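Topology and contacts: notes
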Amino acid sequence: MRPENPQHLVRDHTIYACVMGSRAFGLATDTSDTDRRGVFLAPTALFWRFEKPPTHVEGPGEERFSWELERFCELGLRGNPNILECLHSPLVEHLDDTGRELLSLRGAFLSLQVHDTFSRYALGQRRKLDADVRTTGAPRWKHAMHLLRLLMSARDLLRTGELRIEVGDRRESLLAVKRGEVPWARVEAWMARLAAEAEEAGRGSPLPPEPDRERVADFLFRVRRDSAAAHPARRAAPAEGRRLPAPPRSARQADAHHEVVEGVMGAGRVRQG
């Protein structure tokens, strides 16, 4: 099978596409960009080459970013906030049958480890804001708003076991932060309170200790297998005057050939380590 143009993988093999950012969070204004995220399923035959398909692709178009399904699942199982929020976007632009099954597995990615991953992400953002205050006397207010939103989302996820990314009736108070109308000291106190509430929620959270890796791995294996059956690898054309090797003739040879193919397909499972 010939190598695919990375953007063609997105164009031809996307299983799920959505809008993220301010528009998905309910915080969009007239000047907001439209951030698009997606998941594509690279044909299994492309993995039977030394040059593997990309794990992610930027474009086509501006503000668009897509992950290959296996990479997306790996990051989701680690509790990556961007991946988990992408799975819960209210603004879905494209969805096929494989994408629908992926969304049906949203709960399998959620576990108590989100407390750690969301907290570490929030801490990194907070350090950047503190650096801004030290160097310029003020934070980047848009980033402060989004950090508050993330902390709210993490707290509510730990409390309820469900991830909702829309801010609802908290929109105006958050936009006031973005406009710089709330003193930094009050914003700091708000962040500290949300972090403490998330900590408390984590102690009694309904979330399981670990994500359901087995369910996700089974899903990935099945879609890789189905892709291999639908798009088998093509043999290279023989040089002029030469014949391709004959296929296995005996049942024993055929069984060995089948085992090799199954072994390669099995490599499509999500790595556990």
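Residues numbered from 1 in each chain as written. Predicted model: local features only at pLDDT ≥ 70, side-chain atom pairs only at ≥ 80, totals over all residues. Heavy atoms only, no water.

Re the environment of V39
Within the secondary structure layout, V39 lies in strand β2 (residues 35–40). A residue is classified by how much of its surface remains accessible, and V39, at 0% relative accessible area, is buried. For the pair V39 and H13, spaced 26 residues apart in the sequence, the C-alpha separation amounts to 8.5 Å. Setting aside residues up to four positions removed in sequence, V39 forms contacts with H13, T14, I15, Y16, W67, E68, L69, F72 and L102. (Helix = DSSP H or I, 4+ residues; strand = E, 2+ residues; numbered from the N terminus. Buried < 20%, exposed > 50% of the residue type's maximum accessible area, 1.4 Å probe, protein only. Contact = heavy atoms within 4.5 Å.)

Topic: the sheet that holds strand β4 (residues 64–68)
Across the sheet, five strands lie side by side as β3-β4-β2-β1-β5; this open sheet has mixed pairing. Among the strands making up the open sheet, the edge pair consists of β3 (56–58) and β5 (92–95). This sheet shows a mean twist of 15° between the axes of neighbouring strands, independent of strand direction. As paired strands, strand β1 (residues 14–20) and β5 are joined by three bridges and run antiparallel to one another. (Pairing = 2+ DSSP bridges. Axes fitted to C-alpha atoms, helices over the stretch in contact; angles between N-to-C directions.)

A few points about unusual backbone geometry
A cis geometry characterises the amide bond from G59 onward to P60, with omega recorded as -5°. Summarising the element assignment, P60 is placed in the loop between β3 and β4. Positive phi outside glycine occurs at E63, with the angle close to 55°. Note that E63 resides in the loop between β3 and β4.

Let's talk about the confidence of the model for the chain
The pLDDT averaged across the chain works out to 87; a share of 83% of its residues lies at or above 70. Per-residue pLDDT stays below 50 along residues 236–242; that stretch engages in three contacts with residues further than four places along the chain or on separate chains. In this model, residues 247–273 is a region of pLDDT below 50 whose contacts with residues beyond four sequence positions or in other chains number 25 contacts. (pLDDT = per-residue confidence, 0-100.)

A look at the side chain of S153
Mapped onto the elements of the fold, S153 is located in helix α7 (residues 141–160). The residues contacting S153, other than those within four sequence positions of it, are E85, L163 and R164.

Some words on the packing of aromatic side chains
As enumerated under the stated definition, the model contains three aromatic pairs in all. Seen from their ring centres, W67 and F72 are 5.6 Å apart, and the 55° between their planes marks the pair as tilted. Overall, W67 belongs to the buried group, its relative accessible area being 10%. Relative to W184, the ring of W141 lies with its centre 6.3 Å away and its plane at 75°, an arrangement referred to as edge-to-face. Of this pair, W141 sits in helix α7 while W184 sits in helix α9 (residues 184–203), and the two are 43 residues apart along the sequence. Three or more aromatic residues joined by ring pairs make a cluster, and in this case those are F65, W67 and F72. Cation over ring: R149 sits above F25, and NZ or CZ is 3.6 Å from the ring centre. (Phe/Tyr/Trp six-rings, centres within 6.5 Å; stacked < 30°, edge-to-face > 60°. Lys NZ or Arg CZ within 6 Å of the ring centre and 35° of its normal.)

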